[in-house]
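Coordinate inspection notes
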Amino acid sequence: MSTKNTQLGEVTILVTADDPKIQNTPIRNARVTLQSKESGGQTRQRSRTKENVGEYSDDSSCEEKIFYRKETNEDALAIFEVPAGDYEICCEAFEVCSKPEIITVTPGNCITKTIVVPLRFNIEWGALTEDCQGSEFNACAQADEGTTWIFRASAAVQPGNRVFRWTTSGGSFYESDTTRDIVHLNTRGHVGETKVSVTMSEIGSASTTLAATVFSKRSPITNVGGNLNVSLTRTETSFTEDTAFWTGIRNSTDALSFNNYLRFMDWIFCGGEPPNSENSPEYSFEDGRFPKKQIEYVRLQKQRFLSFTDSDTYRVVKAATEAFVMVNCGVQQEPLPFDLNSNRPNRDDAYLDRRDLPIPDVGLSNAFGQYLVPVNGDKTLPYLAVIRRKLPDIPIKTTVFENATPRNFGVEQAEILDNCFGILQDKLANPCLLELIWSYWHEEGMLVQTMNALSRRFQNIRSSAKDPLANLEMDPLRPLNNLLWSYIQDEQHRLTINRRNYEYDHHYGLRLEGKAVQDFRPVDTRSKFLEAFHHLLRLCTVFYKQDDDTTVKADAFPVLNALKEVHLILSQGAHNQFGDLPSTSRIEMLMQQWLLARPEFRELLPTRIMVAYPEPWMDRVDAMKKLQGWTDTSVLHFRNLGMFGEQLLLSIRWGHWSDEFEPVKALNWARFFRPQAQGYIHAYRAATGVDLSADPTVNARVDSTLPSVLLQRRLASQQRVS
């Protein structure tokens, strides 16, 4: 168009996203509009002399106005030549508009104006290293070479109206897609200044760029003189909640040990040392259970009666023993079988640390609560929760028969009938964790036979033509006369050797050998248990060899499969007398140990004082075996077989192994129970002569000969040599 006789002025508009005094963020391709504030024919005439000019009519005044439009160039500038007059400037980018501003254009003059579009475009960054402390976006300016930097862009623009694109002058982004809001920069191999830029573009139109500069310095070189020690560690593992359950099993079985039982009996009857207080560094959960055992003892003392006279001494001993076993056998019995969290690191944490197992931050007692599964308003073991789901039609009952409350006939009769059928809530929530294998190995160690021989001698009965006890003077037992008399009178109420033998076979496929159990006709036997259990111990030996080699990643899958096999066999034998016979047998054998531990028997039998037996009843049994010509293997090994075997089998029987397919739990189990597994292997070799760790390969055949047969062979060999 012609500009003849038109006096023009020049207007230069700079469009930025922020105040240039704070941060220079020019916007390219931003849309700038100059709108004339004049009206009428003069402006209309002027408008025809210039390009990029439009007209519109204001509905209120019906007057035409002139406006000029341009987009900013690469320098974010829009340059207009317009007639003199007043103009309103407005800029728009990313659908965000600036505030309108008024300028006056005079002929021949140049006006420069900066317009801010409030995009609030910003870039944050930080170094992910200890040199730059604080949050991720710490604006750290310098870090060592190889440091990972994090950058984040933000703007007051709808995500659908903009796209970010990151570039860098050095290093490389971890992300293949550099259009994200957050990127990570790898500076490995790059030293010096690095400029990281982010361009925000409006799709098909405006764009603006921000940059941040960081510096990567060369890592200091440390000259090492002398010897440099390099060490390898075992395969790392993650914590599993059943580790807390295994800790509870280990602590509960330790609480049931004879030494703890003797301490409780001395406290009840002999004025022994009281339990430690919670403030004492020696305090354990066992000390906290003393009051509950005393309450249970008082209750049982009123309910347990014998059918013969002059037996109060034996009756109270029996009630106290039952109270001790019933309180300590429950893994969910309060207080829980864990060291106090307030005293951490405690003995439980130290045990896990020695096994290279992770220690939970919340403590083992809290981890055990997370391991339990809610069932019918209570929490129980995952294995028992599975069993409960198999019996959804059977109700939960809270009372046993002896505690049932009689009610009148009528409306409440149905409630009485419900009490006669159902699953006891206490059995589901707090099962008694005992294994009959403890009794089996103590019986093979001749504990019961020792008491039987002494009982016969006390009754003046000769056991054979050459009875070695015939010449013993029984006078040292005078203080125990009443207790031994009551013990013998109560024989009709104790388990017979045949009842125990049948249950050993039902649980584990194990049996005793001897004249008293010759007519043995079991119905249901676990014939595959011994092979499966010994195979598991063999695989543990293989695993421990791999686990100790820090250049090898130990394979726990074979151990997992063996655990599942043993678990299945054990669960098949959890019937019939499973709920009552193990606890009854434990009570009876603990009483036998307590009687033998009395100092009167030390005076009667030729014991060896200088042998450091861990429990005071053991030397009496070994002395009897020496007198009778029984096996010369110390009862210590049989006691270890019972103690370690019980802990291993409890963790397998009550663990939820059937639905486990990841090896991490089996790896943790093998490490946790390594002292028990290797202790059992050693004790088994000492007792039977069979080394379960020999030829430690996965496919090696294990010896599944019954222990009683092996013991008979060793006894025959011993008698031939003597």
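Look a little higher up for the structure.
The following refers to the structure shown. What you see is a predicted model; the values in this text were computed from it and never measured.

**Concerning unusual backbone geometry**
A positive phi is found at Asn 29, a non-glycine position, where the angle reads about 60°. By secondary structure assignment, the location of Asn 29 is in the loop between strand S2 (27-28) and strand S3 (31-36). Positive phi is not limited to glycine here, since Asn 576 has a value of about 55°. Positionally, Asn 576 belongs in the loop between helix H17 (557-572) and helix H18 (581-596).

**A word on the state of the cysteines**
Enumeration according to the criterion identifies one disulfide in this entry. Across the disulfide from Cys 329 sits Cys 432; the S-S distance is 2.0 Å. Disulfide Cys 329 to Cys 432: torsion about the S-S bond roughly -125°, handedness left-handed. One end of the pair, Cys 329, is in the loop between helix H6 (312-328) and helix H7 (347-354); the other, Cys 432, is in the loop between helix H11 (425-429) and helix H12 (437-444), with 103 residues separating them in the sequence. Owing to a relative accessible area of 2%, Cys 329 belongs among the buried residues under this scheme. In this structure Cys 91 is a free cysteine whose sulfur lies 6.6 Å from that of Cys 90, the closest cysteine sulfur available. A relative accessible area of 0% means that Cys 91 is categorised as buried.

**Thoughts on the nonpolar core**
Among the nonpolar cores identified, the biggest contains 132 residues, and Phe 245, Leu 536, Trp 617, Trp 654, Trp 669 and Tyr 680 are the most heavily contacted of them. Here this core takes 10 residues from helix H16 (residues 529-548), the largest share from any one element. If near-sequence neighbours (up to four positions away) are discounted, Phe 245 is found in contact with Val 331, Phe 368, Tyr 371, Leu 381, Leu 433, Trp 654 and Gly 655. Within the second largest apolar cluster, 46 residues are counted, among which are Cys 91, Ala 127, Ala 153 and Val 196.

**Examining the side chain of Arg 653**
Looking at the element boundaries, Arg 653 is found in helix H21 (residues 635-653). A distance of 3.1 Å separates a polar side-chain atom of Arg 653 from the backbone oxygen of Leu 570. Apart from residues lying up to four places away in sequence, Arg 653 is in contact with Tyr 383, Glu 435, His 507, Tyr 508, His 567, Leu 570, Ala 574 and Phe 578.

**Things to note about the packing of helix H3 (residues 258-269) against helix H5 (residues 290-303)**
The interhelical angle for the contact between H3 and H5, taken along N-to-C directions, is 65°, at an axis separation of 12 Å. Two packed elements cross with a definite hand, and for H3 against H5 that hand is right-handed. Contact residues: H3 offers Arg 263, Phe 264, Trp 267, Ile 268 and Phe 269, while H5 offers Phe 290, Lys 293, Gln 294 and Tyr 297.

**Notes on the pattern of salt bridges**
With the rule as written, the count across this model stands at 30 salt bridges. In this structure, Asp 144 engages Lys 217 in a salt bridge whose closest nitrogen and oxygen atoms are separated by 3.8 Å. Highlighted residues: Asp 144 in strand S12 (residues 142-144) and Lys 217 in strand S18 (residues 207-217), separated in sequence by 73 residues. With relative accessibility at 32%, the residue Lys 217 sits in the partly exposed group. Of the charged contacts, one joins Arg 234 and Asp 548 as a salt bridge, the two residues approaching to 2.7 Å between their closest N and O atoms. Placement of the pair is Arg 234 in the loop between S18 and helix H2 (242-255) and Asp 548 in helix H16, with a sequence separation of 314 residues. With relative accessibility at 40%, the residue Asp 548 sits in the partly exposed group. Each of the salt bridges in this network shares a partner with another, and the network as a whole consists of Arg 234, Asp 356, Asp 547, Asp 548, Arg 671 and Arg 674.

Criteria and thresholds
- Residues numbered from 1 in each chain as written.
- Predicted model: local features only at pLDDT ≥ 70, side-chain atom pairs only at ≥ 80, totals over all residues.
- Heavy atoms only, no water.
- Helix = DSSP H or I, 4+ residues; strand = E, 2+ residues; numbered from the N terminus.
- Disulfide = S-S within 2.5 Å.
- Buried < 20%, exposed > 50% of the residue type's maximum accessible area, 1.4 Å probe, protein only.
- Core = buried A, V, L, I, M, F, W, Y, C linked by side-chain atoms within 4.5 Å.
- Contact = heavy atoms within 4.5 Å.
- Polar contact = N/O pair within 3.5 Å; in protein donor to acceptor, adjacent residues only side chain to side chain.
- Axes fitted to C-alpha atoms, helices over the stretch in contact; angles between N-to-C directions.
- Left-handed = near helix turned anticlockwise from the far one by under 90°.
- Salt bridge = Lys/Arg side-chain N within 4 Å of Asp/Glu carboxyl O.

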